[in-house]
Amino acid sequence: MNLRKAEDHELDTIYGMGFDIWGDGLSLDAYLMGCRDSDKYLAGTWYVLVEKDQVVSSLIVYEKMFGLKEGCFGLGSVATHLKSRQKGYASALVNLVKAELFANHNCKVLYLHNDIDKLFYSKLGFVSIQGSDCMFYSKNKLSFGSVPSYF
């Protein structure tokens, strides 16, 4: 498995990974159009997990927006191809991105808003922030500042 930043030509594939969860009754074409036009998706950095030359899982990382303070990053839109789910790809991707951000980007705290499966993220070391759907990960288990807005 290999972690890397996504390439522009892969974005529709990446967006499509979440269609069954976030499609909200739209056609695939309408959903992809909304993703392509999303200021939020354009503002972050997409990472992918690749196995055997195939993108199997993806997520977006945000910095210096949504109320994230210096040294704080946000994870969002964690998704895996439908046919590749339940094989540990999303866990591997999140762990590799955590390692990358803490080792090479001066990350102190990593936040995510969890509206799907808190247990999944808890197993990866994220801690729930009471009264919020937000979770965080830091090496010293302390969050830094206020809860960032939803991303």
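Just above sits the structure.
Residues numbered from 1 in each chain as written. Predicted model: local features only at pLDDT ≥ 70, side-chain atom pairs only at ≥ 80, totals over all residues. Heavy atoms only, no water.

Draft legend 1. Here's a closer look at the overall build of the protein chain. Counting its secondary structure elements, the protein chain contains six helices and seven strands. Over its C-alpha atoms the protein chain spans a radius of gyration of 15 Å, differing by no more than 12% from the 15 Å that the globule rule assigns to 151 residues. Viewed in the frame of its principal axes, the protein chain has a C-alpha envelope of about 40 × 30 × 25 Å. When each of the 151 residues of the protein chain is scored for burial, the buried share is 44%. In the protein chain, once contacts between residues fewer than 6 apart in sequence are set aside, the share between residues at least 24 apart is 57%. Accessible area of the protein chain: about 8200 Å², with a carbon and sulfur share of 51%. (Helix = DSSP H or I, 4+ residues; strand = E, 2+ residues; numbered from the N terminus. Rg over C-alpha atoms; globule rule 2.2 N^0.38 Å. Buried < 20%, exposed > 50% of the residue type's maximum accessible area, 1.4 Å probe, protein only. Contact = heavy atoms within 4.5 Å. Areas by Shrake-Rupley, 256 points an atom, 1.4 Å probe, with all protein chains shown as cover.)

Draft legend 2. View of the layout of surface pockets. Estimated volume of the largest pocket: approximately 790 Å³. Contributing to the lining of the largest pocket are 32 residues, with Val 78, Ala 79, Ile 116, Phe 120 and Tyr 121 lying nearest its centre. If you list the elements that add at least two residues to the lining of the largest pocket, you get helix H2 (19-22), helix H4 (39-43), strand E4 (72-80), helix H5 (89-104), strand E5 (109-113) and helix H6 (118-123). If one sorts the elements of the lining of the largest pocket by residue count, E4 sits on top with six residues. (1 Å grid on protein atoms, 1.4 Å probe; cavity = no way out; pocket = protein on both sides within 12 Å on 5 of 7 lines; lining within 4 Å. Points joined across faces, edges and corners; volume = space filled by probe spheres on them.)

Draft legend 3. Summary view of the pattern of salt bridges. According to the stated counting rule, one finds four salt bridges in the structure shown. A salt bridge links Glu 7 to Arg 4; the shortest N-O distance between them is 3.8 Å. Glu 7 gets classed as partly exposed once you look at its relative accessible area, which sits at 38%. Exposure remark for Arg 4: the relative accessible area of 23% places this residue in the partly exposed category. The salt bridge partner of Arg 85 is Asp 20, with a shortest N-O separation of 2.7 Å. Taken together, the residues Arg 85 in the loop between E4 and H5 and Asp 20 in helix H2 connect sequence positions 65 residues apart. Residue classification places Arg 85 among the partly exposed residues on the basis of a relative accessible area of 25%. (Salt bridge = Lys/Arg side-chain N within 4 Å of Asp/Glu carboxyl O.)

Draft legend 4. Just the packing of aromatic side chains, in detail. Evaluation of the coordinates by the stated rule reveals nine aromatic pairs. Ring centres of Tyr 15 and Tyr 41 lie 5.4 Å apart, and the angle between their planes is 15 degrees; this geometry places the pair in the stacked category. Taken together, the positions of Tyr 15 in helix H1 (residues 11-16) and Tyr 41 in helix H4 put the pair 26 residues apart, joining distant regions of the chain. For the ring pair Tyr 41 and Trp 46, a centre distance of 5.1 Å and an interplane angle of 80 degrees mean the geometry is edge-to-face. Taking the relative accessible area as the measure of exposure, Trp 46 reaches 7% and is therefore buried. Each residue in the set Phe 102, Phe 120, Tyr 121, Phe 126 and Tyr 137 is aromatic and connected to the rest through ring pairs, giving one cluster. For the cation-ring pair, Lys 98 lies above Tyr 137, with the distance from its terminal atom to the ring centre recorded as 4.0 Å. (Phe/Tyr/Trp six-rings, centres within 6.5 Å; stacked < 30°, edge-to-face > 60°. Lys NZ or Arg CZ within 6 Å of the ring centre and 35° of its normal.)

Draft legend 5. Geometry of the nonpolar core. Of all hydrophobic cores here, the largest spans 24 residues; its most connected members are Leu 59, Val 61, Leu 75, Val 97, Leu 110 and Phe 126. The set of elements that each furnish at least two residues to this core consists of strand E2 (45-51), strand E3 (54-63), E4, H5, E5 and strand E7 (134-137). Here the element with the most residues in this core is H5; it accounts for eight residues. Those residues in contact with Val 97 that sit more than four places away from it in its chain are Leu 3, Tyr 47, Leu 59, Val 61 and Leu 75. (Core = buried A, V, L, I, M, F, W, Y, C linked by side-chain atoms within 4.5 Å.)

Draft legend 6. Broad picture of the environment of Ile 116. With respect to the helices, strands and loops of the structure, Ile 116 is situated in the loop between E5 and H6. When the C-alpha positions of Ile 116 and Asp 133 are compared, they lie 9.6 Å apart, and in sequence the two are 17 residues distant. Residue contacts for Ile 116: discarding those within four places in its chain leaves Ile 21 and Trp 22.

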